[in-house]
Amino acid sequence: AQSVSQHNHHVILSEAASLELGCNYSYGGTVNLFWYVQYPGQHLQLLLKYFSGDPLVKGIKGFEAEFIKSKFSFNLRKPSVQWSDTAEYFCAVNALSGYSTLTFGKGTMLLVSP
Amino acid sequence: EPEVTQTPSHQVTQMGQEVILRCVPISNHLYFYWYRQILGQKVEFLVSFYNNEISEKSEIFDDQFSVERPDGSNFTLKIRSTKLEDSAMYFCASSAGLEADTQYFGPGTRLTVL
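In what follows, the accompanying structure is described. (Residues numbered from 1 in each chain as written. Chains lettered and ligands numbered in written order. Predicted model: local features only at pLDDT ≥ 70, side-chain atom pairs only at ≥ 80, totals over all residues. Heavy atoms only, no water.)

A word on the overall build of chain B
For the record, the criterion: Runs of E in the DSSP output that reach at least two residues are strands. Runs of H or I that reach at least four are helices, and both are numbered from the N terminus. Each radius of gyration reported is based on C-alpha atoms, and the globular scaling rule is 2.2 Å times the count of residues to the power 0.38.
A tally of helices and strands in chain B yields zero helices and eleven strands. Taken from the N to the C terminus, the helices and strands of chain B come in the order β-β-β-β-β-β-β-β-β-β-β. Against the globule reference of 13 Å for 114 residues, chain B gives a C-alpha radius of gyration of 13 Å, in line with a compact fold. Dimensions of chain B, computed from the C-alpha atoms along their principal axes, are close to 40 × 30 × 30 Å.

Structure below.
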């Protein structure tokens, strides 16, 4: 079974700081990779996804993530965060095994101070 | 943009009571899912549903749980006899396809079992 680990449970940054949130997964086969964001009081929204092709994917709101297959990693980055990026970020994996289950990491709570 | 909707947003129930959580997936989607998130924990997969039957379920989804698509638009999760540990946020999701498609999440129903 696949699993996802997110390295940081809480991250506190000042506005304009750069962000990198770590995500590693364990699964021997081919996967789809996702980052979801949950703003305070709102539902999970897709930030970006990787299915195939260019391992550097760009998402909404200036976020990007890089899939490094050899490291089983899919780290999320943003060069300059804003106060409005305060949210919880979830990495998720979907193994291409004929099933559709999303396996989530525990999430990283990002607090951006103005 | 089409959205997944869920009702109610909050549900408070007594232990042992039955609850039904309702979801309206995105209209042209074929795959439906329920996930839950216990406070402070990760989002966990419960069940997936396709072509009017369960396609996959987790070990959490025991005999107390059932899902149904009673008509062309609704997708419901029933918990027959709620336990304290069922208190969680329950998310419905839908996708157009299986492996290579994004799951879109609803806003969630917060279930509190007293």
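There's plenty left to go through after this.
Brief notes about the interface of chain A and chain B
Filter applied, for reference: Here a residue-residue contact requires only that any non-hydrogen atoms of the pair lie within 4.5 Å. Defined in terms of a 1.4 Å probe, buried area is the accessible area two parts forfeit on being brought together, summed over both. Just to be clear on terms, a salt bridge is a Lys or Arg side-chain nitrogen sitting within 4 Å of an Asp or Glu carboxyl oxygen. We define a polar contact as two N or O atoms separated by no more than 3.5 Å, with the added condition that, inside protein, one atom must be a possible hydrogen donor and the other a possible acceptor, whereas residues neighbouring each other in sequence contribute only through side-chain atom pairs. Charged residues are taken to be Asp, Glu, Lys and Arg, nonpolar residues to be Ala, Val, Leu, Ile, Met, Phe, Trp, Tyr, Cys and Pro, and polar residues to be all remaining types, Gly included.
Contact with chain A, which involves 22 residues of that partner, is made by 19 residues of chain B. Summed over both sides, the interface of chain A with chain B buries roughly 1800 Å², with 56% coming from carbon and sulfur. Taken together, chain A and chain B are joined by zero salt bridges. There are four residue pairs in polar contact (both at pLDDT 80 or more) connecting chain A and chain B. Secondary structure elements with two or more residues in the side of chain A that touches chain B: strand E5 (31–38), strand E6 (44–50), strand E10 (87–95) and strand E11 (102–104) of chain A. Here the side of chain A that touches chain B takes four residues from E5 of chain A, the largest share from any one element. Its residues assigned to classes, the side of chain A that touches chain B comprises eleven nonpolar, nine polar and two charged.

Re the sheet that holds strand E8 (residues 75–79) of chain B
Residues and elements named next belong to chain B. Put simply, the test is: Here a strand pair is declared whenever DSSP counts at least two bridges between the two strands. Think of each axis as a best-fit line through the C-alpha atoms, taken over the contacting stretch in the case of a helix, with angles from 0 to 180 degrees between the N-to-C directions.
An order of E1-E3-E8-E7 is seen for the four strands of this open sheet, with the pairing classed as antiparallel. The open sheet has two free edges, formed respectively by strand E1 (5–7) and strand E7 (65–68), since each of these has just one partner strand. Here the strands of the sheet are splayed against their neighbours by 20° on average, with no regard to which way each runs. Summarising the sheet, E1 and strand E3 (residues 19–24) pair through three bridges and their orientation is antiparallel. Counted as the bridge partner of threonine 5 is valine 24 from E3.

Here's the deal with the side chain of glutamine 103 of chain B
All names here are of chain B. We count it as follows: Burial classes: relative accessible area under 20% of the type maximum marks a residue as buried, over 50% as exposed, and values in between as partly exposed (1.4 Å probe, protein chains only).
Considering the arrangement of structural elements, one finds glutamine 103 in the loop between strand E9 (88–95) and strand E10 (104–105). Exposure remark for glutamine 103: the relative accessible area of 3% places this residue in the buried category. Looking at glutamine 103, its side chain comes within polar contact range of the side chain of tyrosine 35, at 2.7 Å.

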